[in-house]
Amino acid sequence: MSQQPVLLPYADPAFVADPYPLYRQLREDGPVRRAVIAGGLEAWLVTRYEDGIVALSDPRLSSDVRDASDPRLLQRLPATERESVLRNMLRSDPPDHTRLRRLVSNAFTARRVAELRPRVQAITDRLLDAIVPVGHADLVEDFALPLPVTVISELLGVPVDDRHDFQRWTDDMILQGAEPPDPARMDAAWRQMHSYLIRLLEAKRARPGNDLLSALIATRDEENRLDEDELIAMAFLLLVAGYITTVNLIGSGIAALLAHPDQLQMLRKDPALLPGAIEEFLRYDGPVSPGIARFAREDVSIAGVTIPRGATVLIASAIADRDPARFSEPDRLDITRQDNAHLAFGHGIHYCLGAPLARLEGQIAIGTALRRLPHLTLAVPPGELRWRPGGLRGPERLPVTFTSGNPN
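Predicted model, so just to flag it, every value in this text is computed and none were measured. (Residues numbered from 1 in each chain as written. Predicted model: local features only at pLDDT ≥ 70, side-chain atom pairs only at ≥ 80, totals over all residues. Heavy atoms only, no water.)

Looking at the overall build of the chain
Piece 1. In terms of helices and strands, the chain carries 19 helices and eleven strands.
Piece 2. Computed over the C-alpha atoms, the radius of gyration of the chain is 21 Å, within 12% of the 22 Å expected from 2.2 N^0.38 for a compact globule of 408 residues.
Piece 3. With the C-alpha coordinates of the chain rotated into their principal frame, the extents come out at 60 × 60 × 40 Å.
Piece 4. Each of the 408 residues in the chain was classed as buried or not, and the buried ones make up 54%.
Piece 5. Within the chain, counting contacts between residues at least 6 apart in sequence, those at least 24 apart form 72% of the total.
Piece 6. As displayed, the chain has an accessible area near 17500 Å², and 52% of this comes from carbon and sulfur atoms. (Helix = DSSP H or I, 4+ residues; strand = E, 2+ residues; numbered from the N terminus. Rg over C-alpha atoms; globule rule 2.2 N^0.38 Å. Buried < 20%, exposed > 50% of the residue type's maximum accessible area, 1.4 Å probe, protein only. Contact = heavy atoms within 4.5 Å. Areas by Shrake-Rupley, 256 points an atom, 1.4 Å probe, with all protein chains shown as cover.)

Right, dumping it as structure tokens:
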């Protein structure tokens, strides 16, 4: 295996549109590959499924970026907001991770998520009510984006008038398509989001509501299980991570169906296939690419390759989820696939807490769109779709047309 790092060419539109040929080559070249990823940072890619499962459960691989040896990872965050951003459950290890996750886990149980179904359906119908009479839409801007933004905002108690601002700050912080990103723009967005969260939490403390942020504040103030930085970090994580990947799931899922008319037709004829279809969208073209970051606490051997202490390790779920050693015909979209234990939501103690909610939103959004938007067709050639570069994958826009009447 070559020890020269391979460049993931995020400045190349062809790679951004379809990274899977290069991903396949990386997996075939070896189970662990050094790579230069977004922002010019170096990482070790774990490319095969079984190695990924093991790595995601390895306590020697930390979730805390402060265990990384590359100072640029921390320098991407403004110093004054760093602690508030980092002290969340996504970027912590036990015992802090265990404590933090327990505090919010009740909001994302299967029963609690099922109770949200009527509200998610109502928001979906309202968004489609505005689209249906027009006959065309951008299904990202008009549908896939506002749906999860509205759901997570209502769950957390974010005022309607503030939602556009936090969406814009998120874009500037982590969704920039520029190569390299604009540090001044990112810095300003981090600071604005941090200041906003302080104000929002102060308002919730003065007037608690029936929402998750108010419940977390009560935990902070009455039981002293969260300090102020942890409270801000939890609010940041839930607000930002609570919608971005779901936007990409919905957008990429619809794009995949439009690129595979046989699968689209099959799903329209049998909506009972929808839960399995969501899992296949997550495996086939998941919302995180190339994968999940960890940081080596010590020298770690994976598949016979020694990764040095402090190195960034990317368990490349987008590559591993097309591993032919694990999935039959992995490059084929098959919404009837049965054995589909993908890594899109991770594995082990950090398995995505919001996975049930993302699945619910994906099923309702895609199922309802197919039912209410017959004869759905891309409004541009597939090669003209623009995809997000970097660690989060999904179409930036999804222009479509549709007609009235029943689908064929």
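Here we look at the packing of helix α15 (residues 244-259) against helix α19 (residues 355-372)
Piece 1. Two elements in contact, α15 and α19, have axes whose closest approach is 9 Å; the angle formed by their N-to-C orientations is 40°. On the basis of their axis angle, the class for α15 and α19 is oblique. Where α15 crosses over α19, the two elements pack in a sense that is right-handed. For the pair α15 and α19, the contacting residues are Thr246, Leu249, Ile250, Gly253, Ile254 and Leu257 in the first and Ala358, Glu361, Gly362, Ala365, Ile366 and Leu370 in the second.
Piece 2. Its residues assigned to classes, the contact of α15 with α19 comprises eight nonpolar, three polar and one charged. (Axes fitted to C-alpha atoms, helices over the stretch in contact; angles between N-to-C directions. Parallel < 35°, antiparallel > 145°, perpendicular 65-115°, else oblique. Left-handed = near helix turned anticlockwise from the far one by under 90°. Nonpolar A, V, L, I, M, F, W, Y, C, P; charged D, E, K, R; others polar.)

Thoughts on the pattern of salt bridges
Piece 1. Here the structure, examined in full by the defined rule, presents 28 salt bridges.
Piece 2. Across the pair aspartate 64 and arginine 66 runs a salt bridge, and its minimum N-O distance is 3.0 Å.
Piece 3. Exposure remark for aspartate 64: the relative accessible area of 14% places this residue in the buried category.
Piece 4. Look at arginine 66 and you get partly exposed, because its relative accessible area is 37%.
Piece 5. In this structure, arginine 205 engages glutamate 228 in a salt bridge whose closest nitrogen and oxygen atoms are separated by 3.7 Å. Residue arginine 205 is found in helix α12 (residues 183-206), and its partner glutamate 228 is found in helix α14 (residues 228-241); the two are separated by 23 residues along the sequence.
Piece 6. Exposure remark for arginine 205: the relative accessible area of 31% places this residue in the partly exposed category.
Piece 7. Residue classification places glutamate 228 among the partly exposed residues on the basis of a relative accessible area of 32%.
Piece 8. Linked by salt bridges that have partners in common, Arg24, Arg322 and Asp331 make up one network. (Salt bridge = Lys/Arg side-chain N within 4 Å of Asp/Glu carboxyl O.)

Looking at the nonpolar core
Most often, soluble globular proteins keep nonpolar side chains buried together rather than apart.
Piece 1. Counting 93 residues, the largest nonpolar core has Leu139 and Phe281 as its most contacted members.
Piece 2. Beyond its immediate stretch of four places on either side in the chain, phenylalanine 281 contacts Leu249, Gly253, Ala256, Leu257, Gly286, Leu333, Ile335 and Ile366.
Piece 3. Judged by nonpolar contacts, the second largest core, of 22 residues, contains Ala43, Val65, Leu314 and Ala316. (Core = buried A, V, L, I, M, F, W, Y, C linked by side-chain atoms within 4.5 Å.)

A short note on the sheet that holds strand β11 (residues 399-401)
Piece 1. The strand order across the open sheet built from three strands is β5-β11-β10, with neighbouring strands paired in antiparallel fashion. The open sheet has two free edges, formed respectively by β5 (136-138) and β10 (377-378), since each of these has just one partner strand.
Piece 2. In this sheet, β11 lies alongside β10 in antiparallel orientation, the contact comprising two bridges. The partner of leucine 378 across the bridge, within β11, is valine 400. (Pairing = 2+ DSSP bridges.)

Considerations on the side chain of arginine 322
Piece 1. Position of arginine 322 relative to the elements: it lies in the loop between α18 (317-320) and α19.
Piece 2. Reaching out from arginine 322, the side chain makes a polar contact with the backbone oxygen of tyrosine 284 at a distance of 2.7 Å. (Polar contact = N/O pair within 3.5 Å; in protein donor to acceptor, adjacent residues only side chain to side chain.)

A short note on the environment of glycine 135
Piece 1. For glycine 135, the location among the structural elements is in the loop between α8 (117-131) and β5.
Piece 2. Along the backbone, glycine 135 and leucine 373 are 238 residues apart, and their C-alpha atoms lie at a distance of 8.6 Å.
Piece 3. Those residues in contact with glycine 135, other than ones at most four positions away along the chain, are Val400, Thr401 and Phe402.

Overview of the sheet that holds strand β3 (residues 42-46)
Within a sheet, each strand pairs with its neighbour through backbone hydrogen bonds, oriented either parallel or antiparallel.
Piece 1. Sheet architecture is open: six strands sit in the order β1-β2-β3-β9-β6-β4, paired in mixed fashion. Edge positions in the open sheet fall to β1 (6-7) and β4 (61-62), since each of these has one partner strand only.
Piece 2. Bridge analysis of β1 against strand β2 (residues 32-36) gives two bridges, and the strand direction is parallel. Across the sheet, leucine 7 pairs through a bridge with valine 36, a residue of β2.

Brief notes about α19
Piece 1. Spanning 18 residues, α19 covers 25 Å between terminal C-alpha atoms, matching the ideal 26 Å at 1.5 Å per step.
Piece 2. The element α19 is largely enclosed, with a buried count of 13 among its 18 residues. (Expected span 1.5 Å × (residues − 1).)

Here's the deal with the packing of aromatic side chains
Piece 1. The final tally for this structure, using the stated rule, is eight aromatic pairs.
Piece 2. Taken together, a centroid distance of 5.6 Å and an interplanar angle of 55° make the contact between tryptophan 169 and tyrosine 196 tilted. In this pair, tryptophan 169 is assigned in helix α11 (residues 163-174) and tyrosine 196 in helix α12, connecting sequence segments 27 residues apart.
Piece 3. By relative accessible area, which is 6% here, tryptophan 169 ends up buried.
Piece 4. Given the relative accessible area of 6%, tyrosine 196 is considered buried.
Piece 5. Note that arginine 322 overlies the ring of tyrosine 284, its terminal NZ or CZ placed 4.2 Å from the centroid.
Piece 6. A cation sits over an aromatic face here: arginine 393 above tryptophan 387, 4.2 Å from the ring centre. (Phe/Tyr/Trp six-rings, centres within 6.5 Å; stacked < 30°, edge-to-face > 60°. Lys NZ or Arg CZ within 6 Å of the ring centre and 35° of its normal.)

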